[in-house]
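Structural description and commentary
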Amino acid sequence: MTSARTGSQTAPKPNPYYPIGQLQCETDTGIETVPLREEVAFGSWQSAIPERYWDMDTGELSRRIRSARETLGEDVVILGHHYQREDIIQFADDRGDSFALAQFAAERPESKYIVFCGVHFMAEAADILSADHQAVILPNIEAGCSMADMAAAPDVYTAWRELEDLFGSTEDIIPVTYMNSAASLKAFCGEHGGVVCTSSNATKVLEWAFERGKRVFFFPDQHLGRNTGHKMDIPLDEMVLWDWRQPAGNLGGRTPEELERSRIILWQGHCSVHQRFSVTQIEAARERYPDVKVVVHPECRFDVVQAADANGSTSYIAKYVADAPAGAVIAVGTEINLVSRLAKEHPDKTIFGLDPVVCPCSTMYRVHPAYLAWVMESLLDGQVVNRIDVPAEQKVHAKVALERMLALR
Ligand code: SF4
């Protein structure tokens, strides 16, 4: 099993302003919590947090969070994504994937405050689905998602206009955005006859889309789009990649013929965490444990998903591990905090991460308990900090796209 914080006992304390670019991984010393000031990447996180929180250790932060929570009672609900660290997830009233958490938020109208321990697009989805009297709070405002950031709204609008010019109309193109995208893109899909999908329902959503159009414009994760299209027997050469870095007017680097032939136009985005997994790692796991089963997330590359025994969302992976018989050996290709938790929860099985480097999602990792303590204690003082407030017009259209997805369940 991957060990946490290898060699941390003797390692010098890192400088909080150490340039991230020089590290192999933002948290390459492990996944255990150290005081905020000692976090390697703190210099690039939200710095507007009172300095008194910077040196508090995990024990003190936990006591403060617990105490604030007791006082706030039902006024607050804490939601935690599967990829959050243990020192956060222990406080989660509900934990799950991004979509399940947004639904939990919608089902808790009694809570005035929803503290979302996840990343920005997830807190936005919770704000879209929750009631107006509820405030959604993201503990560290810098907790974004590198994949979501790869699809900037102006680039998507430009691509859409280019497709419209090429085909004469976009009537036959259904835009589908992965949950991991900004609210503005969910709204774009809502306005243009499109829909949102998650890694659990992508096949069902694409079936819905192909009942309404000839081709799908899928963003931001090319891998989820390709892996899902392949499951639906769409040939690889009918799924073309739109390179958003190309100059405007360049059809994302594709020829008109390639686009004419395409059934899915895939945005050139990816998850930096899941892109680390490789077929070589799977081969190494199989060499070491001949009976190993390999389960990966569909945000992994096509060749990795093909080489694995199974693939699915974080909820699918958790169930896959839970359902395996005692003594099973399972290599998991997803974020390390979830893998470590599954290993702890199933001591009768050998569960380990495919990637030998301990590298959590660096943006999920930004939700350090110091931020959670700060936002909770601010609520005690009557202050709502780091509120996520999706503009009203975006909310209306984004909700349409989300509700189209919900109707498919
Ligand atoms: S694991 Fe990947 S997709 Fe998920 S929040 Fe992190 S960067 Fe984004």
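Residues numbered from 1 in each chain as written. Predicted model: local features only at pLDDT ≥ 70, side-chain atom pairs only at ≥ 80, totals over all residues.

1. Quick word on helix α8 (residues 202–212)
Looking only at α8, the buried set comprises Ala202, Val205, Leu206 and Ala209. Seen from one end, α8 has its buried residues packed into an arc of 95°, which puts them on one side. Tucked into the core, α8 has its buried residues touching β5 (173–178), β6 (195–197), β7 (215–219), α9 (222–231) and α16 (392–406). (Buried ≥ 20, exposed ≤ 12 C-beta atoms within 10 Å, placed from the backbone. Helix = DSSP H or I, 4+ residues; strand = E, 2+ residues; numbered from the N terminus. Arc of directions from axis to C-beta. Contact = placed C-beta atoms within 7 Å.)

2. A look at helix α6 (residues 153–167)
Look at α6: 21 Å from first C-alpha to last across 15 residues, which is about the 21 Å you get at 1.5 Å a residue. Here α6 has its buried residues at Val156, Ala159 and Leu163. Taken around the axis of α6, the buried residues stretch over an arc of 60°, which confines them to a single face. In this structure, α6 carries Pro154 and Asp165 as exposed residues pointing more than 90 degrees from its buried face. At its buried positions, α6 is contacted by β5, α7 (183–191), β7 and β8 (239–242). (Expected span 1.5 Å × (residues − 1).)

3. Points about the sheet that holds strand β12 (residues 329–333)
Pairing in this open sheet of four strands is parallel, and the strands run β11-β10-β12-β13 from one edge to the other. Pairing within the sheet leaves two strands with one partner each, and these edge strands are β11 (310–311) and β13 (350–353). With four bridges joining them, strand β10 (residues 293–296) and β12 adopt parallel strand pairing. Counted as the bridge partner of Val296 is Gly333 from β12. Helix-sheet contacts for helix α14 (residues 336–345) involve β12 and β13, and the interaxial angle to β13 is about 170°. (Pairing = 2+ DSSP bridges. Axes fitted to C-alpha atoms, helices over the stretch in contact; angles between N-to-C directions.)

4. Remarks on the sheet that holds β5
Here five strands make up an open sheet; going across it, the order is β6-β5-β7-β9-β8 and the pairing parallel. If you trace the sheet from one side to the other, it starts and ends with β6 and β8, each paired once. Direction aside, the axes of adjacent strands within the sheet are offset by 25° on average. Alignment of β5 against β6, held across three bridges, turns out to be parallel. Across the sheet, Val176 pairs through a bridge with Val195, a residue of β6. Lying on the sheet, α9 is in contact with β5, β7, β8 and β9 (264–267); it crosses β9 at an angle near 155°.

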